[in-house]
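# Architecture at a glance
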Amino acid sequence: MKYLSVPQTAERWGISSRRIQILCNEERIPGAVKIGNRWAIPDDEPKPADARIKSGKYVKKPVKNEK
C-alpha cells in the first residue's frame, strides 16, 4: 500500500494541510496512520464527505437550568 503525506493529500483533494491534519485527528480518514509526528494517508483513500451543516439550521442543545 502506498501512502501520501499531508501536503500531497491536500494538493490532491484541494483543501488545506491544516484541514487534513484535523480530519486525521478526528479519525475521519480511515487508514490514516501517524508515524512519529506526521500523518500518512493511504493513496487510494477518497476525500471524506463535508460534515458541515448545509441546511442553514443549527440544532441547539437544550440548556439545563440549575436552580
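To keep things clear, this report deals only with the structure shown in the data block. (Residues numbered from 1 in each chain as written. Predicted model: local features only at pLDDT ≥ 70, side-chain atom pairs only at ≥ 80, totals over all residues. Heavy atoms only, no water.)

Now for the overall build of the chain. A tally of regular secondary structure across the chain gives two helices and three strands. Helices (α) and strands (β) of the chain occur, in sequence order from the N terminus, as β-α-α-β-β. Relative to the globule expectation of 11 Å for 67 residues, the C-alpha radius of gyration of the chain, 16 Å, shows a markedly less compact shape. With the C-alpha coordinates aligned to their principal axes, the bounding extent of the chain is approximately 55 × 30 × 20 Å. Here the chain holds 67 residues, and the buried ones make up 24% of them. Of all intrachain contacts in the chain linking residues separated by at least 6 positions in sequence, the fraction that spans at least 24 positions is 42%. Looking at the chain as shown, the accessible area adds up to about 5900 Å², and 51% of this sits on carbon and sulfur atoms. (Helix = DSSP H or I, 4+ residues; strand = E, 2+ residues; numbered from the N terminus. Rg over C-alpha atoms; globule rule 2.2 N^0.38 Å. Buried < 20%, exposed > 50% of the residue type's maximum accessible area, 1.4 Å probe, protein only. Contact = heavy atoms within 4.5 Å. Areas by Shrake-Rupley, 256 points an atom, 1.4 Å probe, with all protein chains shown as cover.)

This part takes up the pattern of salt bridges. All told, the structure shown has two salt bridges when counted by the stated rule. Here Arg12 and Asp43 are joined by a salt bridge, their closest N and O atoms 2.6 Å apart. With Arg12 in helix 1 (residues 6–13) and Asp43 in the segment after strand 3 (38–42), this residue pair connects regions lying 31 residues apart in the sequence. Of the residues examined, Asp43 reaches a relative accessible area of 25% and is grouped as partly exposed. (Salt bridge = Lys/Arg side-chain N within 4 Å of Asp/Glu carboxyl O.)

For helix 1, the full list of buried residues reads Val6, Thr9, Ala10 and Trp13. An end-on view of helix 1 places all buried positions within 100 degrees of arc, on one side of the element. Those residues of helix 1 that are exposed and angled more than 90 degrees off the buried face are Pro7 and Glu11. Its buried side turned inward, helix 1 meets strand 1 (3–4), helix 2 (17–25) and strand 3. Note on helix 1: the residue one or two positions beyond its end, Gly14, has a positive phi of about 75 degrees. (Arc of directions from axis to C-beta.)

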